Amino acid sequence: EFEKSKDLNFLEDSEILLQIALSYNKLENFKTALIYVDTGLNLRGNSLETNDKFLKFQGVLHAMENDWDSANSSFLAMNDTNQSQKFLNIIESKDNIKYKNPKTALYLSIIPGAGYYYTGYKQTALSSLLLNGLLAYATTSNIKNKNTGMAILTGVFNLSFYISNIQGAFRSAKKHNLNQENLIKQ
């Protein structure tokens, strides 16, 4: 509605610009939110407190876009050094994230459940190991008993669960890494 308005005088009000940027942020449209934050920063007559609000929000938006250097610059430009330092410490903590290597999880999954265990999903690891083990036992028992039809059926189930175990461990490592980064962003 406001973009179609012919009277755009309200775009010279820092509080309105901040609210518009917040709305775009909630829509996860960080680039457009940054445009309104930049516009708000360029307004004349902003108080130091208002500029700090815009700089803080600008830093957060840059972080949401994974532009950590720009986020760092925004926080350094803040007047409130105490609050600025808190945000800079959060950005520094990003370097201490313990990432899980998806390829390692993939290779560990040769042993059913080991990849899940590596990424921290211990219950899933145990259930994967048990399920794959039971299906492998059922398959070998059916082969020994010359029950070909059941051996094929349990073998196909075992293979599909085994492949899913490998893929799942790879995805869980990626999910773990993404969750760690999202904690920093929050």
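Look above for the structure.
Residues numbered from 1 in each chain as written. Predicted model: local features only at pLDDT ≥ 70, side-chain atom pairs only at ≥ 80, totals over all residues. Heavy atoms only, no water.

A.B. asks: Could you give an account of the nonpolar core, naming the residues involved and the relevant values?
C.D. replies: Grouped together as the largest cluster of nonpolar side chains are 27 residues, with contacts concentrated most on Tyr36, Val37, Leu61 and Phe75. Put simply, the parts of the chain that give this core at least two residues each are helix H1 (14-26), helix H2 (30-41), helix H3 (48-64), helix H4 (68-76) and helix H5 (81-93). If you tally residues by element for this core, the top one is H2, at six residues. (Core = buried A, V, L, I, M, F, W, Y, C linked by side-chain atoms within 4.5 Å. Buried < 20%, exposed > 50% of the residue type's maximum accessible area, 1.4 Å probe, protein only. Helix = DSSP H or I, 4+ residues; strand = E, 2+ residues; numbered from the N terminus.)

A.B. asks: Tell me about a nonpolar patch on the surface, residues and numbers included.
C.D. replies: Together, Leu131, Met150, Leu153, Phe157 and Phe161 give the surface a local cluster of nonpolar side chains, amounting to about 430 Å² of exposed area. Of all the elements, helix H9 (residues 148-185) adds the most residues to the nonpolar patch, at four residues. Note that phenylalanine 161 resides in helix H9. (Patch = residues over 30% accessible without salt bridge, like charges linked within 9 Å, V, L, I, M, F, W, Y side chains within 5 Å. Areas by Shrake-Rupley, 256 points an atom, 1.4 Å probe, with all protein chains shown as cover. Salt bridge = Lys/Arg side-chain N within 4 Å of Asp/Glu carboxyl O.)

A.B. asks: Pulling in residues and values, what's your account of the environment of lysine 185?
C.D. replies: Within the fold, lysine 185 resides in helix H9. Note on lysine 185: relative accessible area 17%, which makes it buried. Beyond its immediate chain neighbours, meaning those up to four positions away, lysine 185 contacts Ala63, Met64, Asn66 and Trp68. (Contact = heavy atoms within 4.5 Å.)

A.B. asks: Account for the packing of H1 against H2, naming residues and giving values.
C.D. replies: In the contact formed by H1 and H2, the axes pass within 8 Å of each other and the chain directions differ by 165°. It follows that H1 is roughly antiparallel to H2 by the angle criterion. Considering how the two elements wind past one another, H1 and H2 form a crossing that is left-handed. Residue-level inspection shows Leu17, Ile20, Ala21, Tyr24 and Asn25 of H1 in contact with H2, the latter providing Phe30, Thr32, Ala33, Tyr36, Val37, Thr39 and Gly40. (Axes fitted to C-alpha atoms, helices over the stretch in contact; angles between N-to-C directions. Parallel < 35°, antiparallel > 145°, perpendicular 65-115°, else oblique. Left-handed = near helix turned anticlockwise from the far one by under 90°.)

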